[in-house]
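Spelled out, the chains give:
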Amino acid sequence: MALEYADKLNALAELNEEAIVYHDMADALVGWVERHGHEPIAIYDYHKCIAICMNEGMEYEDAIDYLQYNTCGLWAGEGTPAFIHYFIDDEADGSSDKF
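Residues numbered from 1 in each chain as written. Predicted model: local features only at pLDDT ≥ 70, side-chain atom pairs only at ≥ 80, totals over all residues. Heavy atoms only, no water.

Draft legend 1. Representation of the side chain of Asn 16 within the structure. Along the chain, the position of Asn 16 falls in the loop between helix 1 (5–15) and strand 1 (29–35). Within polar-contact distance, the side chain of Asn 16 engages the backbone oxygen of Pro 40 at 2.8 Å. Ignoring anything within four residues of it in the chain, the contact list for Asn 16 reads Glu 39, Pro 40 and Ile 41. (Helix = DSSP H or I, 4+ residues; strand = E, 2+ residues; numbered from the N terminus. Polar contact = N/O pair within 3.5 Å; in protein donor to acceptor, adjacent residues only side chain to side chain. Contact = heavy atoms within 4.5 Å.)

Below, the structure is given as structure tokens:
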């Protein structure tokens with residue numbers, strides 16, 4: 001059973017009250033990242049973020065530009081979220097994308 005967004009926020013806040021979240025990308029919040037010597041931070045599915053932008057009317061390239069400038073490319077301090085890019089097997093899914 002998938003967690004509700006509020007439950008995800010509460011779980012993340014228990015781990016790190018300073019973790020930054022992007023509410024407009026709620027459906028792309030997939031978990032958190034831990035690294036030695038750092039507090040946990042939110043992690044978003046990059047491809048889900050693209051889909052959210054496209055569902056709001058952006059073209060694919062515009063969605064990428066938006067994300068690179070406004071989210072992925074934004075540093076807001078130690079609590080800044082991370083974005084996961086999955087390796088895609090283009091032979092398995094018929095896609096021409098490598099990442």
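Draft legend 2. Inspection of the nonpolar core at higher detail. Judged by nonpolar contacts, the single largest core of 17 residues is most densely connected at Met 25, Tyr 44, Tyr 46, Cys 49, Ile 50, Leu 67 and Phe 83. If you list the elements that add at least two residues to this core, you get strand 2 (38–45), helix 2 (46–55) and helix 3 (60–70). Ignoring sequence-local partners within four residues, the contact set of Tyr 44 consists of Val 21, Tyr 22, Met 25, Ala 28, Leu 29, Val 30, Cys 49, Pro 81, Ala 82, Phe 83 and Ile 84. (Core = buried A, V, L, I, M, F, W, Y, C linked by side-chain atoms within 4.5 Å. Buried < 20%, exposed > 50% of the residue type's maximum accessible area, 1.4 Å probe, protein only.)

Draft legend 3. Fine view of the sheet that holds strand 1. Taken in spatial order, the three strands line up as 1-2-3 in an open sheet, and their pairing is mixed. The sheet is open, and its two borders are formed by strand 1 and strand 3 (82–84), each paired with just one other strand. Within the sheet, the average angular offset between the axes of one strand and its neighbour, ignoring direction, is 40°. Sheet topology note: the strand 1/strand 2 ladder contains five bridges and is antiparallel. Each bridged residue has a counterpart across the sheet, and for Trp 32 the counterpart in strand 2 is Ala 42. Strand contacts of helix 2: strand 1, strand 2 and strand 3, with the helix running at about 50° to strand 2, the strand carrying the most contacts. (Pairing = 2+ DSSP bridges. Axes fitted to C-alpha atoms, helices over the stretch in contact; angles between N-to-C directions.)

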